[in-house]
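Structural overview for review
Here are the chains, one letter per residue:
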Amino acid sequence: MALTRKKITVVGAGFTGATTALMLAQKELGNVVLLDIPQLENPTKGKALDMLEASPVQGFDSQIIGTSNYDDAADSDIVIITAGIARKPGMSRDDLVNTNAGIMKSVCENVKRVAPESTVIILSNPVDAMTYAAYKTLGFPKNRVIGQSGVLDTARYCTFIAQELNVSVEDVRGFVLGGHGDDMVPLVRYSNVGGIPIETLIPADRIQEIVQRTRVGGGEIVNLLGNGSAYYAPAASLVQMAEAIIKDKKRIIPVIALLEGEYGYNDLFLGVPAILGGSGIEKVFELDLTAEEKAALDKSANSVRSVISVVNL
Ligand SMILES: NC(=O)C1=CN([C@@H]2O[C@H](COP(=O)(O)OP(=O)(O)OC[C@H]3O[C@@H](n4cnc5c(N)ncnc54)[C@H](O)[C@@H]3O)[C@@H](O)[C@H]2O)C=CC1
Ligand SMILES: O=C([O-])CC(=O)C(=O)O
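As a starting point, this report considers the structure included with it.

Each value, and the rule that gives it
The written sequence of each chain sets the order in which its residues are numbered from 1. For naming, the first written chain is A and the first written ligand is 1, with later ones following in the order written. In view of the model being predicted, local features appear only for residues whose pLDDT reaches at least 70, and side-chain atom pairs are presented and counted only at 80 or more, with totals across whole chains, interfaces and linings using the full set of residues. Each side-chain value is worked out from all heavy atoms of the structure, with water and hydrogens disregarded. A helix here means a DSSP run of H or I that spans at least four residues, while a strand means a run of E at least two residues long, and both kinds are numbered starting from the N terminus. Computation of the radius of gyration draws on C-alpha atoms alone. For the globule rule, the value is 2.2 Å times the number of residues to the power 0.38. Only protein chains enter the accessibility calculation, which uses a 1.4 Å probe; a residue whose area is less than 20% of its type maximum is buried, one above 50% is exposed, and one in between is partly exposed. Throughout, a residue-residue contact means that at least one pair of heavy atoms, one from each residue, lies within 4.5 Å. Only the protein chains shown count as cover for residues, and all accessible areas are computed by the Shrake-Rupley method using a 1.4 Å probe. The nearness test applies per residue and asks whether one of its heavy atoms lies within 4 Å of the molecule or strand. Within 3.5 Å is the distance limit for a polar contact, defined as a pair of N or O atoms, with the added protein rule that one can donate a hydrogen and the other accept it, and that residues adjacent in sequence qualify only through two side-chain atoms. Under the scheme applied, nonpolar residues are Ala, Val, Leu, Ile, Met, Phe, Trp, Tyr, Cys and Pro; charged residues are Asp, Glu, Lys and Arg; polar residues are all the others, including Gly.

With that settled, consider the overall build of the chain. Helix and strand counts for the chain come out as 10 helices and 14 strands. Its C-alpha atoms give the chain a radius of gyration of 19 Å, within 12% of the compact-globule value 20 Å for 313 residues. Taking the principal axes of the C-alpha coordinates as reference, the chain spans close to 50 × 45 × 45 Å. For the chain, the proportion of its 313 residues judged to be buried stands at 52%. Sequence separation of at least 24 residues holds for 70% of the intrachain contacts in the chain that already meet a minimum separation of 6. Carbon together with sulfur atoms contributes 51% to the accessible area of the chain, which is approximately 13,900 Å² in total.

Close to ligand 2 lie Arg 87, Arg 93, Asn 125, Leu 152, Arg 156, His 180, Gly 218, Val 222, Ser 229 and Ala 230, which account for all nearby residues. Contact distances for ligand 2 include 2.8 Å between an oxygen atom and a side-chain N or O atom of Arg 156. Between ligand 2 and His 180 there is a distance of 2.7 Å, counted from an oxygen atom to a side-chain nitrogen or oxygen. Out of a free accessible area of 260 Å², ligand 2 has 95% covered by protein chains. If you list the elements that add at least two residues to the shell around ligand 2, you get α6 (150-165) and α8 (217-225). Considering only residue class, the shell around ligand 2 consists of three nonpolar, four polar and three charged.

What is shown is where atoms sit, not what they do.
If you want it as structure tokens, here you go:
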């Protein structure tokens, strides 16, 4: 059987998009099309060419092109959408909803036209609502429309736990449920290092500080950067999701999925643990939650619902 490289389009060639494109190529996950608006066609081509010129040094054979023409994205296997504005200090992600919903709609109309069989991963904020907007515009099956928040939020949570215990990040396991906002739900009860529950290793008040720092982790970076938001860890998170799909790894990771009854929610996109493989979201896990955890998840779900309610498509 002839082997063909996958085609991955990254829409939005800003901080997250460009970083994602480079990481995808470095891991040789496929050929990469980096796409931005026509006014930025030359800078987009320039970024792509600059990345490609790193390939002899780093030894990767993925091709990377820059474009503003959706025909170049035709028949992509994966489309990653990072197009949109980012927040600045003092703003919440939800403040981006009107601008980014318009952008998401126009991007998805094009994606639907040129890459109807693709699996689409959304990053643009407010990401739960943008994943909903993408789903409605694309009309793709729910397993092929996936939002990114939980990989990043979990990565932040695990970073802080590893720092607290001075242990390898590789041995920290845990995950964050719910919407990508300040009321997301890091699940302490399901978190461990090397199989040892963190509740037996870290005092309860310190765990609560880690949970809170995770919740506002995006804002911490926004305040430090001063003029934009995080992009290295978000790009790494997108690449992990793309890799799980491209290699049919069947990884269990938190993703933003359409819920149809799971956790008692309907017609809602929310972060939940799922199997991510060749068919996209292959299964959503419904965990047993304590009353306290469920109340926290309800609060987060209500926040997402209120943002979705203002999305006009
Ligand atoms: N879900 C998550 O965990 C995260 C979400 N984000 C979100 O990702 C988005 C992108 O962030 P950055 O890359 O830092 O912003 P950025 O401003 O560096 O890049 C955004 C790019 O999108 C492009 N764009 C705008 N409209 C477009 C259109 N119609 N078609 C194609 N491209 C278009 C812009 O020209 C720009 O190059 C923001 O909404 C940000 O809030 C960022 C980090 C994490
Ligand atoms: O905080 C932001 O605006 C960007 C983002 O979603 C994150 O880094 O978690």
